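# Structural description and commentary
Each chain, letter by letter, is given below.
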Amino acid sequence: MAAPEPDPAPGRVPDTAADAPEPAPGPEPLTVPSMSAGPDFVLRPWEMSDLPLVREASLDPYIPLITTIPAPYSEAAAEAFVRRQWERAATGAGYPFAIVRSRDRRPVGAIGLWLRELPEGRASLGYWLTDTARGQGVARAALRTVTGWALRDLGVPRLQLCIEPWNTASARIAEDIGFRREGLLRGWQQVGDERRDMAVYALLKSDGPVDGRAVTED
């Protein structure tokens, strides 16, 4: 799993109306598309029907440490998690996708394209899968699809993702798609109760096409 983008910290509320600066134009709301990730998986916007996925992810020993998946699980907290995904798109922060198995429409994970640093010409990716979905090519299909779409259709110059050094499976997936390891970020991210090192992987638009084209559904 690649570390997702953390939730942004809340801004300061002005003490008085006179204290409030003139609001700057904010990012445009984003529409999260539905995309085919090969013959077996679909990427789509989050729905309230995805609460069973949130419940399953909350039981994983690692996913709640690197995401805002609630642990312990409660329906109210799960609904708040889904609303946060909607808010990220509505505020222009990025594109959060649920990863869904085509044959039975069962959601099995999540992937996001985060645009906080897009003004500097880069965006970041993060994803996670439930335990029952691992080892089936899900992460590779989802990452290839979003990567190709971001480079080709959105024109993002640079994509990057962070992976813990022990996570050789995620590193291999990233490298298979074309990402290159660029270095080690020491103590880069809080994971649970400790700061963890992260290996940074990047892929440039100028590196060439990514295998597999994302197909946007009507």
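Attention here is on the structure that accompanies the text. Along each chain, the written sequence defines residue order, and numbers are assigned to residues from 1. pLDDT decides what is reported in this predicted model: residues at 70 or higher carry local features, side-chain atom pairs at 80 or more are listed and counted, and totals for whole chains, interfaces and linings draw on all residues regardless. To obtain the side-chain values, all non-hydrogen atoms of the structure were used and water was disregarded.

### Section: the packing of aromatic side chains
This is how it is decided: Stacked, tilted and edge-to-face are the three classes applied to pairs of Phe, Tyr and Trp rings, where Trp contributes its six-membered ring and a pair requires centres within 6.5 Å; stacked means planes under 30 degrees apart, edge-to-face means over 60, and tilted covers the rest. What counts as a helix is a DSSP run of H or I of at least four residues, what counts as a strand is a run of E of at least two, and both are numbered from the N terminus. Type-normalised accessible area, obtained with a 1.4 Å probe on protein chains alone, sets the label of each residue: buried when under 20%, exposed when over 50%, and partly exposed for intermediate values.
Applying the stated criterion across every chain, the model contains five aromatic pairs. The interplanar angle of 75 degrees and the centroid separation of 5.5 Å between the aromatic rings of Y62 and W166 together place this pair among those described as edge-to-face. Linking Y62 in the loop between α1 (51–58) and α2 (63–66) with W166 in the loop between β6 (158–163) and α5 (168–177), this pair joins segments that are 104 residues apart in sequence. Judged by centre distance (4.9 Å) and plane angle (80 degrees), the ring pair of Y95 and W149 falls under edge-to-face. Here Y95 is found in strand β3 (residues 94–101), whereas its partner W149 is found in helix α4 (residues 138–152), with 54 residues between them in sequence. For the pair shown, Y95 and W149 are each scored as buried. In textbook terms, an aromatic cluster arises when at least three aromatic residues are bridged by ring pairs, as seen for W46, F81 and W128.

### Structural notes on the pairing of β6
Applied cut-off: Being paired, for any two strands, means DSSP has found at least two bridges between them.
Where burial is concerned, most of β6 is hidden: five out of the six residues are buried. Inspection of the sheet shows strand β5 (residues 122–129) paired to β6 by three bridges, in the parallel sense. Bridging across to β6, A123 finds its partner in L159. Bridge count for β6 against strand β8 (residues 194–204) is six bridges, and the pairing is antiparallel. Note that in β8 the partner of L161 across the bridge is Y201.

Just distances and angles here, no functional claims.
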